[in-house]
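Fold and geometry: a report
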Amino acid sequence: MRLTGYFIVFSSFGIWLGLEGLSAHAEELDYLKHVKPILKSRCYACHGALKQNGKLRLDTAKRGIQGGSSGPAIVPGNPEQSELIRRVTAQNSPERMPPEHEGAPLTAAEIDTLRKWIQGGALHPADEQPEADPRDHWAFRPIRRPPIPKVKNAAWVRNPIDAFVAAQHEQRGLTPMPEASRMELLRRLYFDLIGLPPTPEEIAAVLADKRADWYERTAQGLLENPRFGERWARHWMDIWRYSDWWGLGSELRNSQKHIWHWRDWIIESLNKDLPYDEMIRQMLAADELYPNDLDKLRATGFLARNYFLFNRHQWLDDTVEHVSKAFLGLTMNCTRCHDHKYDPLPQLAYYQLRAFFEPYHVRLDVIPGETDLQRDGIPRVFDAWPDDPTYRFVRGDEKNPDKSRVIPPGVPELFGVELPKIQPVSLPIEAWQPQRRPWVISDQVENAKRKLKVAKDDLAKIRKRISFLETVTTPRTSPIGPPSPAVKGGNRTDSVVIETFESLNTERWQILGGEWAFEAGRLEQKQDGPKRSVLRLRQPVPQNFEATLRFTLLGGSQWKSIGISFDTALADPTRDPTAVDHEQNVYVSAYAGGPKIQASFSLAGQWHYPPPPAMRLLPIQLQREYTLRVQVRDQLINAYINGIPVLACRTPQARQDGCLQLFTFDARAVFHEFRLKPLDANAELWNPSDLALEAPPILHVEDAKAELAVAEAAVAVASAELTEIELRAKAWQAIWSRLEESHQRSTFDAAIHAARQLKVAQARHALALARREEMRATPDKKPSAQQAVQSATEALRQAEANVPADIQANEKIPEFQGARWTPTRFRSSQADDPAPAFLPQSTGRRSALARWITDPKHPLTARVAVNHIWTRHFGTPLVPTVFDFGRKGQPPTHPELLDWLASELIDSGWSMKHLHRLIVSSATYRLTSVVPPNEPNSKLDPENVLLWRRTPIRMESQIVRDAVLSLAGVLDPRMGGPSIASDDQASSKRRSVYFFHSNNERNLFLTLFDDALVTECYRRDQSIIPQQALALTNSRLVLDHLGAIAERIAQSVRANQHSSSDEAFVNQAFLVLLARVPSGEELRDCLQALREWRKLPESAAGDGKYNRFAEENLIWVLLNHHDFIMVR
Amino acid sequence: MLDRPSFWTRRQFLSGFAAIATGAILHRDGYGRDGEWVPPDGKPHFPPKAKSVIWLFMNGGMSHVESFDPKPMLNKYAGKTLKETPFSDVLDPKKLAIERLVVPDANGNLRTTLYPLQVGFRKHGQSGIEVSDWFPHIARHIDRIAVIRSMWTTDSNHGAQTQFHSGRHQNDGYFPNLGAWVHYGLASLNDNLPQYISFGRREYWNSRDGHYLGPAHDAVPLRVDPKNPLDFSQPERPVSSQARTIGIDLLQKLNSHRAAVSPQDTVLSARIASYELAFRMQQSIPEAVDFSKETEETKKLYGLDLPHCREFGAQMLAARRLVERGVRFIQVQHGAGGAGAWDAHSSLKTNHQNNALAVDQPVGALLEDLSRRGLLEETIVVFATEFGRTPGSQNGDGRDHHIYGFSVWMAGGGIKGGVVHGATDEIGFHAVEHRHYVTDVHATILKLLGLDSRRLEIPGRKRLDIDHGQPIDEIIA
């Protein structure tokens, strides 16, 4: 007994054949039980049926006694003379067996066992059989359609599957269980074929269906439902290792960006029943078979997914391993280092298989409608390095290639299928010059047109800002600037303060903090660092006022703020900032991270900085003189910079009595002039909505001009770019359509000319930018800014001079980009490897391999596929080792059935839907999973290996989530498209198959239910762990949807015109969630619980949209019921 | 609900389980059907010396020469290139050939200008083993510790973390790590708690544990937060606790009705057991990471009052509490994120000082506390890192990755105290005496736990000899 305690892992399948059945003598048992296993695991690989090194076989004791070229290996009764003992006890290679690199030395206990056995006379069964010829292994023999067995229980048989199953039943004395109930069958079919539960309406319809063929109709309908493709794609994505990319940070190390195209191809192909052999051919070689068909090229995501940024060997190792495991059920990866220990595959076989893939690489092809490969594109493979040699690695060590011999592509002869001749494939020109695809150029043209429109829109916006500037400003006339244009009419009140700072009048100003200096007749605040420096006006201030401050900011460590405060309490803010219990500010900040103007206020020592409209980004710069005018009327505040209105807001803070201050915070600044007067009663102020500008206002006329120049230049660039693309396109088209020389020449010249004009436009744009920077530069940056303008001017001059120049013979026009290879870093992680060219030929290797794999005579391909399909319908495979059909794997439980199904698959034209239909129509599939106590079958075959009942399947992780959403009626039906990013998954209602799924980004909920590993997942686990219970009891997924599920069930009760009693609800909930009716005691307990829930105060309050508190709780219980998560 | 006796008795639970165990893992591909292999039964293969493991891992690569392997020659020849010293033979290409590159980048290169020790060393304890002054608390317990100074590995970049945990180079794919093997091989010590727990963030390349053993053998990540210690441990939306009690009661009734109808359904009984465990875990896990009943002295011992070591201290205290309650394997990662906190390519002195401040006192406290409670005898504490750091300098004041020789230490359950095992050469470059690959640490732990890694092998999942490692018998008491 094994107690993991925490984790309980189970498999619903198992055979365990011990040696109990052998009726041998005790001594012989000793050999079979203790000796033979040692020989088998440590010696057979080289001294058995597979190989006979030293002409020795040890697979029977008799042959060991016969010996090989070194004489008898076993001398009964005399261990010391037995070569076997001598060799396993030898100290050094090559004497020692197993030899170095072939296995660890035998343990002392193992040697002791061998010795004692020989000492005792090497007893063994007389009829001991040698190992069978490995080439005669069942899976390597051709598939022959077996005759359908005649069985006694013919009435039970619905199709030949059942005949094969019944034959085994009859052999072992098993009786098949009855058919499952209609409801169970319906739920089984739905989950199995589309991965979703039937809706209450679908359930009702089926229950009412009197037709005899309701089952077949339902199955057929589900096979035609597009959800079928989503469901079964996820299965094949497990086997084919679907993975979105992952890496460190944003570094692409595995898989490919946009690999979801391959997922969509899988879904679509399954839905249209694309033959399985054709699917394999497309996945391995669509680039050779359909070189210009992007839809089909998506299939090669199968190979593109193996991409690995840093190491080609790891990449190809994955490719070889999983091509052979997925399609052939062969563990070819073992032969990377040495000959296969179980299958007749030499080390060479690995490298021969690798050679098919040696030339391939990955690229992204441009798709119609998207010119940016970062956003979308088709990841696909192509042969980039046709001449790269494949070498055998000595003992698998990639650092030690055997360069004496290049290994050509090849396949093991063992399977009796000849490799089609490898013939290079000439690719149509659009495949290797993808820029010729019609949409590439037209999309570029469209894109350029879009860019031109954006540039024009930008220009229009700037013009609008400038015209706004013009309507609100008039030229400066006085030192403090013009009267506010918003002031209309006369009746102007004289200023109460006019301060030109010719001296610091301490009668007028109280100084609080700061370092103040008079130099050259101006007042400068020199204190640096995040502190306040304040000039407080000692005289009363009108309630509604207009204050104007002219200043220049010189610097500061970070915030660089200067402004006017009012309604300020009389405490000293520099001593104790929390002492300020009321104050309002309007200030500008030249903070590099976002210069702005802000109206803020302090309330009980706490500063508040309200968002727009009380704040607006504003290009305030150092070393420039600005005039800030603040108008305050009650709680409405207006502010102007240089006469331009920049702020209009209402302060939420009530007006209070207080003083007015000028202040800086973390700023060195010059104060030039200040004026204060009562606000003209007729002054019209701006309302916050009046100033809703799209962009920060322009503060200077020079700025406006510079911005305008840049925007105009940008339009010119976009326009020149469009012309250049159009003319370059004409030039390329002339070349591609081989128009006459002179025509080619003239279009070429026009394209060159357009390119030169584009350069001029770009140079002009650069110059406009440089001029703008020069204008903005602070005095210390002026020289370098001027230098930049000079360089830009010179560059423009050169560009202009180049326009009329003669066209040089070697001048070229750039290619359009139709595809881009995925850069690797095999040589150095610092830089991409040189890009390979797209070649007009592909080696033809992969298409030959694909044809070989899909040859109907291949003994493995169909068997492996059939086994995968069977596994997912029944939960248990026919061949338990789904990726190892070799001698180390397990034999099929139903060999003839396996071969019959394989023949069906092949003969139906590899139609998977044909197989699905056959399987779900069988009586075997329709068996009930309910086993009464003391059922005799249980004793004969407790693990149900011989399929006398249905083995329930735990829902796969994706299905658990999808089922909850579907029951709630909120599943988003959209199909396909980019994978849903981790951050969006919690709110997404899409099917789980569309979730981003990689090695390091996995959905937590799905992970708990044995989600597929992306590295390999030929079969899902079906663990039972307590975290699953926690997820189903506590996750938002479940809790958020209880209400909707309860509501739908209640609605369906009403629709079916049952009574709306609790009993009807419980019955319907059981039916919809568990596909059965409750037993008497189940019903009783549920009704009792409903009554108890109703007694709780929460029930009356109702906390959901539907106010079905008690019902929601019942749904919670049923979603956690064993029968919910099991597909029975 | 949790307090009253379970309707499904423990005996039934176990018997249900036994039937499951027969089928356990059988589907894992490639097992032989001729009886040469049986899945583990949860019992040790031979008498164990320890029950639990606390596996501490310093992400980024801790300098061996500034922690547990003093090299005065680095001071003597500081600033000299290797060629100018008597040690130039360390650059023997044959010795360097163990390196297997994943990422040839600016790091993980040879650094040939010797860099002096950035910290002093002092002898400690009866054994007089030298420990650097950055680890005074650990040093106090040196007589309980076996320092292995002769480790080597092959991945010169941080994928060596995967390698340290699983024994396989990243290029070989992903393999189960030691904790997963232990979890796979041994039965539970406490049915109310997960048996393999991890604390601390992990790097993406070692974010999984079970790999082909299956997700059931991944560590359960816990947080030292009694309110929310485990994903989904609390309802993600407010729920009425009374309603829930009624619900759980009903759920158990419904499942037991089913169990009565299908007594042989082992999957059903496992499901019932898993719900019971889940409900018990909802109480036992928060309790295990709730320190309210610990004394002030204990909290101070772990440095919970000190900002620089509070986080790791809490994880150490939680580790002790979990071991006390019967958790098999606790993995604590320090400083994951980016390449790892200890990755001192520059400013090694400040970097290691700060990191040591964060872990030294808590680890010292763990040893002290375990020993006071008599738990150290049955608990193996491992203090490890993916590789050491170069004797030569990088960027003027740092050291690069160094795979040819580095140190780890172990203490507790069956480990000899106060011993130094193995040695690097005079400048700490190559492990020269008793060289140990990382899996030798695994083999030592498995041996102390009573497990034979070869008997845990899953057919078809052949492990290499080096994956199994060799127990370091010299440090086993």
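Above this text sits the structure in question.
Below is a summary of the structure that appears in this document.

Turning our eyes to something else, we now look at the overall build of chain A. Assigned secondary structure in chain A consists of 35 helices and 25 strands. The C-alpha atoms of chain A give a radius of gyration of 41 Å, which is well past the 32 Å a tight globule of 1128 residues would have. If you line up chain A on its principal axes, its C-alpha atoms span 130 × 90 × 65 Å. Burial status across chain A gives 58% buried among its 1128 residues. Accessible surface, chain A as shown: approximately 45600 Å² in total, 51% of it carbon and sulfur. Of the charged side chains in chain A, 141 are positive and 140 negative, and the gap between their average positions amounts to 1 Å.

Bringing the pairing of strand 2 (residues 121-124) of chain B into the picture now. Residues and elements named next belong to chain B. Sheet topology places strand 2 next to strand 3 (residues 129-132); four bridges connect them, and they run antiparallel. Across the sheet, the residue bridging to K123 is E130, located in strand 3. A loop of four residues connects strand 2 with strand 3, the two strands running antiparallel in sequence, and G125 in this loop sits at a positive phi of about 65°.

The next subject is unusual backbone geometry. Glycine aside, the phi torsion of most residues is negative, and most peptide linkages are trans. Residue and element names in this part refer to chain A. A cis geometry characterises the amide bond from M97 onward to P98, with omega recorded as -10°. Position of P98 relative to the elements: it lies in the loop between helix 3 (83-89) and helix 4 (108-119). The residue after P612, namely P613, is reached through a cis peptide bond having omega 10°. One can find P613 in the loop between strand 15 (606-608) and strand 16 (615-617).

All told, the structure shown has 49 aromatic pairs over all chains when counted by the stated rule. For the ring pair A:F302 and A:F327, a centre distance of 5.1 Å and an interplane angle of 35° mean the geometry is tilted. One end of the pair, A:F302, is in helix 13 (residues 301-304); the other, A:F327, is in helix 14 (residues 312-328), with 25 residues separating them in the sequence. Assessed through its relative accessible area of 0%, A:F327 is described here as buried. Each ring, one from B:F68 and one from B:W409, has its centre 6.4 Å from the other, and the planes form 70°; the classification is edge-to-face. Here B:F68, found in the loop between strand 1 (52-58) and helix 2 (72-76), pairs with B:W409, found in strand 11 (residues 406-412); they are 341 residues apart in sequence, far enough to count as distant.

Turning our attention to the side chain of A:R188. Residues and elements named next belong to chain A. Within the secondary structure layout, R188 lies in helix 6 (residues 182-194). Nearest to the buried, unbridged R188 among oppositely charged side chains is E184, at 4.7 Å. In this structure the side chain of R188 is engaged in a polar contact, spanning 2.5 Å, whose partner is the backbone oxygen of Y925.

Let us now look at the state of the cysteines. Residues and elements named next belong to chain A. Under the defined criterion, the tally for this structure stands at zero disulfides over all chains. Cysteine C334 is unpaired, with the sulfur of C337 as its nearest cysteine sulfur at 8.9 Å. For C334, a relative accessible area of 30% translates into the label partly exposed.

All names here are of chain A. Remark: helix 26 (residues 957-967) packs on helix 30 (residues 1036-1055), axes separated minimally by 8 Å, with the N-to-C direction vectors making an angle of 40°. Classed by the angle they form, the pair helix 26 and helix 30 counts as oblique. Judged by residue contacts, R961, V964, L965, S966 and L967 of helix 26 engage L1037, H1041, I1045 and R1048 from helix 30. Looking at the contact of helix 26 with helix 30 residue by residue, the classes come out as five nonpolar, two polar and two charged.

Residue and element names in this part refer to chain A. Taken N-terminus to C-terminus, the directions of helix 7 (residues 200-208) and helix 31 (residues 1062-1074) make an angle of 95°; their axes are 10 Å apart at the nearest point. One finds that helix 7 runs roughly perpendicular with respect to helix 31. Of the residues in helix 31, those touching helix 7 at P200, I203 and L207 are Q1068, L1071 and V1072. Among the residues making up the contact of helix 7 with helix 31, the classes are represented as five nonpolar, one polar and no charged.

Here the focus is the pattern of salt bridges. Summed over all chains, the structure comprises 114 salt bridges over all chains. With its nearest N and O atoms 3.0 Å apart, the salt bridge here joins A:R158 to A:E179. Remark: A:E179 occurs in the loop between helix 5 (160-172) and helix 6 and A:R158 occurs in the loop between helix 4 and helix 5; sequence separation between them is 21 residues. Residue classification places A:R158 among the partly exposed positions, given a relative accessible area of 42%. When its relative accessible area of 39% is taken as the criterion, A:E179 is described as partly exposed. Linked through salt bridges whose partners overlap, the residues forming this network are B:E287, B:E294, B:R320, B:R321, B:E324, B:R325, B:D369 and B:R373.

A word on the side chain of A:E935. Considering the arrangement of structural elements, one finds A:E935 in the loop between helix 24 (912-921) and helix 25 (936-940). Side chain to side chain, A:E935 and A:N937 meet in a polar contact 3.0 Å long.

Okay, the pairing of strand 17 (residues 625-633) of chain A next. Sheet faces and side chains relate simply in a regular strand, where the side chains alternate between the two faces. Residues and elements named next belong to chain A. When you tally the buried positions in strand 17, you get seven out of nine residues, the bulk of the element. One ladder, built from eight bridges, connects strand 11 (residues 545-555) with strand 17; its direction is antiparallel. Considered in strand 17, the bridge of T552 is made with E625. Inspection of the sheet shows strand 17 paired to strand 18 (residues 636-641) by six bridges, in the antiparallel sense. Across the sheet, the residue bridging to R633 is L636, located in strand 18. What sits between the antiparallel neighbours strand 17 and strand 18 is a turn of two residues, in which D634 has the positive phi angle 50°.

Turning our eyes to something else, we now look at the environment of A:P428. Residues and elements named next belong to chain A. Inspection of the secondary structure puts P428 in the loop between strand 5 (425-426) and helix 16 (429-432). For P428 and T793, which are 365 residues apart along the polypeptide, the C-alpha to C-alpha distance reads 47 Å. Excluding anything up to four places from it in sequence, P428 contacts P291 and N292.

Definitions and cut-offs
- Position labels on residues start from 1 in each chain and follow its written sequence.
- In the order they appear in the text, chains get letters beginning with A and ligands get numbers beginning with 1.
- With the structure being a predicted model, the display of local features is reserved for residues of pLDDT at least 70 and the display and counting of side-chain atom pairs for 80 or more, all residues being used for whole-chain, interface and lining totals.
- The side-chain quantities take in all heavy atoms of the structure and omit both hydrogens and water.
- A run of DSSP states H or I qualifies as a helix once it reaches four residues; a run of E qualifies as a strand once it reaches two. Both are numbered from the N-terminal end.
- What the globule rule says is 2.2 Å times the number of residues to the power 0.38, and the radius of gyration is computed from C-alpha atoms.
- Note on exposure labels: buried denotes an accessible area under 20% of the residue type's maximum, exposed denotes more than 50%, and partly exposed covers the range between, all computed with a 1.4 Å probe on protein chains only.
- Using a 1.4 Å probe, accessible areas were evaluated by the Shrake-Rupley method; residue-level cover was limited to the displayed protein chains.
- A residue counts as positive if it is Lys or Arg and as negative if it is Asp or Glu; His and the chain ends are not included.
- Every charge is mapped to an atom, namely NZ of Lys, CZ of Arg, CG of Asp or CD of Glu.
- Strands pair, by our definition, only if DSSP identifies at least two bridges between them.
- Stacked, tilted and edge-to-face are the three classes applied to pairs of Phe, Tyr and Trp rings, where Trp contributes its six-membered ring and a pair requires centres within 6.5 Å; stacked means planes under 30 degrees apart, edge-to-face means over 60, and tilted covers the rest.
- Salt-bridge detection follows one rule: a side-chain nitrogen of Lys or Arg within 4 Å of a carboxyl oxygen of Asp or Glu.
- Identification of polar contacts relies on pairs of N or O atoms within 3.5 Å, with a donor-acceptor requirement for protein atoms, meaning one able to donate a hydrogen and the other able to accept it, and with residues adjacent in sequence counted only if both atoms are side-chain atoms.
- Cysteine sulfur atoms are paired as a disulfide whenever they come within 2.5 Å of each other.
- Note on geometry: axes are lines fitted to C-alpha atoms, helical ones only across the stretch in contact, with angles between N-to-C directions running from 0 to 180 degrees.
- Between 65 and 115 degrees an angle is taken as roughly perpendicular, under 35 as roughly parallel, over 145 as roughly antiparallel, and anywhere else as oblique.
- We call two residues contacting when some pair of their heavy atoms lies within 4.5 Å.
- For this classification, the nonpolar set comprises Ala, Val, Leu, Ile, Met, Phe, Trp, Tyr, Cys and Pro, the charged set comprises Asp, Glu, Lys and Arg, and every other residue, Gly included, is treated as polar.

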